[in-house]
Amino acid sequence: MSFAVARSVAVVATTVILGAVLCGVGFAMSTAMTRELLRPEQASTLMAVAFVFVPLFAAQGVIVGLLDGYALGRFFLPAPAPASPAEPRLSPAQRAQNPWVPALIASASLGVPFALLALWGVPRLWPGGLSRAALLLRFLPVGMLLALVTTLAVTGQRLLRELQLPVAARAFAGSHAAYLWQRHALPQGLSNLIINAWVGVAIFPGPFDQPGAGVPRELITGDAFVTMLVLALAVLAGTLPYASFDLRWGVVPSLPGVAPRRAVRSLYLLAPAPCVALFVYGLLAVLHMQTLTFWPFVVLRALACGGYAGLAAYLVASWTLSERP
């Protein structure tokens, strides 16, 4: 197929997939927050979190998807147009760009303004709160629109230049360790730290400045268990295809040695969920703490989730580079 068709398919597929993710996340988060109306600050925080990170993951996903599709021979590039004085022909880029860079630019230029608008507008438009259905009817279309605009914006001429790079210009300029940190551990760790800090704000029961407000010990334990499991699957789903693509595209060579067996890898990824949950419950019980107040809950939740996501991404990427067919 042509690049134009492949681009259209990638844009539509990314938008639909992110729409399904937003629907699931919105439903799960709103259910965790309340069984009735979401308070305005809960609804606005949930929307803001999504609007910041939809462009980030949409851009990174569609760029890697199209580059990988070309590497696998699934579409061909358009013939270069003859240069003209008014519009000189674009020359290939000198070095391959980290896909997280345009993704971060998209998040800052598109996601942040929409997030600020949600934080400002939701409490004013719906001061009485929103039901779960009402939240999804407002949250989902805007999130999908952001994904659509982002994917169209990042798959234009700049991506065509990336597709024309010779193999020698695609290689990551640095060590394996630098590659694992810069392309996987830091992006996953920082993004999940911020996401889960905001989620902690959103799920905190009651206004954070209300006297006696706190998260019950049982809820903290359950949240730790479920969140770690979700993070394990999310990091695996995002890192494995990305590292595999980098191998095919010539960004990084394979690592020496052999990756652990899949059962061992699964244990490494899934074991932290029950371990962290039991540790948190036991620590709070030893300290005789029935609840955790706002700031300790948000900060500790963010650090734990961000640290785990970064470590998991580092491990998954290193295993992928070490795995032998």
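Scroll up a little and you will see the structure.
Quick caveat, the model's predicted, so the values are computed rather than measured.

1. A short note on the overall build of the chain
Logical step 1: Scanning the chain for helices and strands turns up 11 helices and two strands.
Logical step 2: Reading the helices (α) and strands (β) of the chain from amino to carboxyl end gives α-α-α-α-α-α-α-β-α-α-α-β-α.
Logical step 3: Each of the three principal axes of the chain carries a C-alpha extent, and together these read 70 × 50 × 25 Å.
Logical step 4: Every one of the 325 residues in the chain was classed for burial, and the buried ones make up 45%.
Logical step 5: Sequence separation of at least 24 residues holds for 92% of the intrachain contacts in the chain that already meet a minimum separation of 6.
Logical step 6: For the chain, the accessible area works out to roughly 16,300 Å², and carbon and sulfur atoms hold 72% of it.
Logical step 7: Here the chain carries 20 positive and 10 negative side-chain charges, and the mean point of each set is 8 Å from the other.

2. A word on the packing of helix 8 (residues 217–249) against helix 10 (residues 272–286)
A pair of packed helices is captured by two measures, namely the crossing angle of their axes and the spacing between those axes.
Logical step 1: Orientation of helix 8 relative to helix 10, taken along the N-to-C sense of each, is 160 degrees, at an axis distance of 8 Å. Taken together, the axis directions place helix 8 and helix 10 in an arrangement best described as roughly antiparallel. Helix-helix and strand crossings are classified by hand; for helix 8 and helix 10 the assignment is right-handed. Facing Arg217, Glu218, Ile220, Thr221, Ala224, Phe225, Met228 and Leu229 of helix 8, the residues of helix 10 in contact are Ala273, Pro274, Val276, Ala277, Val280, Tyr281, Leu284 and Ala285.

3. Some points on the packing of aromatic side chains
Logical step 1: Summed over all chains, the structure comprises 13 aromatic pairs.
Logical step 2: Note on Trp100 and Tyr242: the rings are 6.5 Å apart at their centroids and 70 degrees apart in plane angle, and the pair reads as edge-to-face. Pair noted here: Trp100 is in helix 3 (residues 100–125) and Tyr242 is in helix 8, with a separation of 142 residues, a long-range link.
Logical step 3: Tyr242 gets classed as buried once you look at its relative accessible area, which sits at 2%.
Logical step 4: Pairing Phe245 with Trp249 gives two aromatic rings, centres 5.9 Å apart and planes at 25 degrees, and the pair type is stacked. Taken as a pair, Phe245 and Trp249 lie in helix 8 at a separation of four residues, close to a single helical turn.
Logical step 5: For Trp249, a relative accessible area of 3% translates into the label buried.
Logical step 6: Sitting over the ring of Trp249, Arg170 keeps its end group 3.6 Å from the ring centre.
Logical step 7: The positively charged end of Arg217 is found above the aromatic ring belonging to Tyr281, 5.0 Å away from the centroid.

4. Details of helix 4 (residues 132–154)
Logical step 1: With 23 residues, helix 4 should cover 33 Å at 1.5 Å per step; its first-to-last C-alpha distance of 32 Å lies within 8% of that length.
Logical step 2: Among the residues making up helix 4, those that are buried are Ala134, Leu135, Leu136, Phe139, Gly143, Leu146, Ala147, Thr150, Thr151 and Val154.

Conventions adopted
Residues numbered from 1 in each chain as written. Predicted model: local features only at pLDDT ≥ 70, side-chain atom pairs only at ≥ 80, totals over all residues. Heavy atoms only, no water. Helix = DSSP H or I, 4+ residues; strand = E, 2+ residues; numbered from the N terminus. Buried < 20%, exposed > 50% of the residue type's maximum accessible area, 1.4 Å probe, protein only. Contact = heavy atoms within 4.5 Å. Areas by Shrake-Rupley, 256 points an atom, 1.4 Å probe, with all protein chains shown as cover. Lys, Arg positive; Asp, Glu negative; His and termini not counted. Charge placed at Lys NZ, Arg CZ, Asp CG, Glu CD. Axes fitted to C-alpha atoms, helices over the stretch in contact; angles between N-to-C directions. Parallel < 35°, antiparallel > 145°, perpendicular 65-115°, else oblique. Left-handed = near helix turned anticlockwise from the far one by under 90°. Phe/Tyr/Trp six-rings, centres within 6.5 Å; stacked < 30°, edge-to-face > 60°. Lys NZ or Arg CZ within 6 Å of the ring centre and 35° of its normal. Expected span 1.5 Å × (residues − 1).

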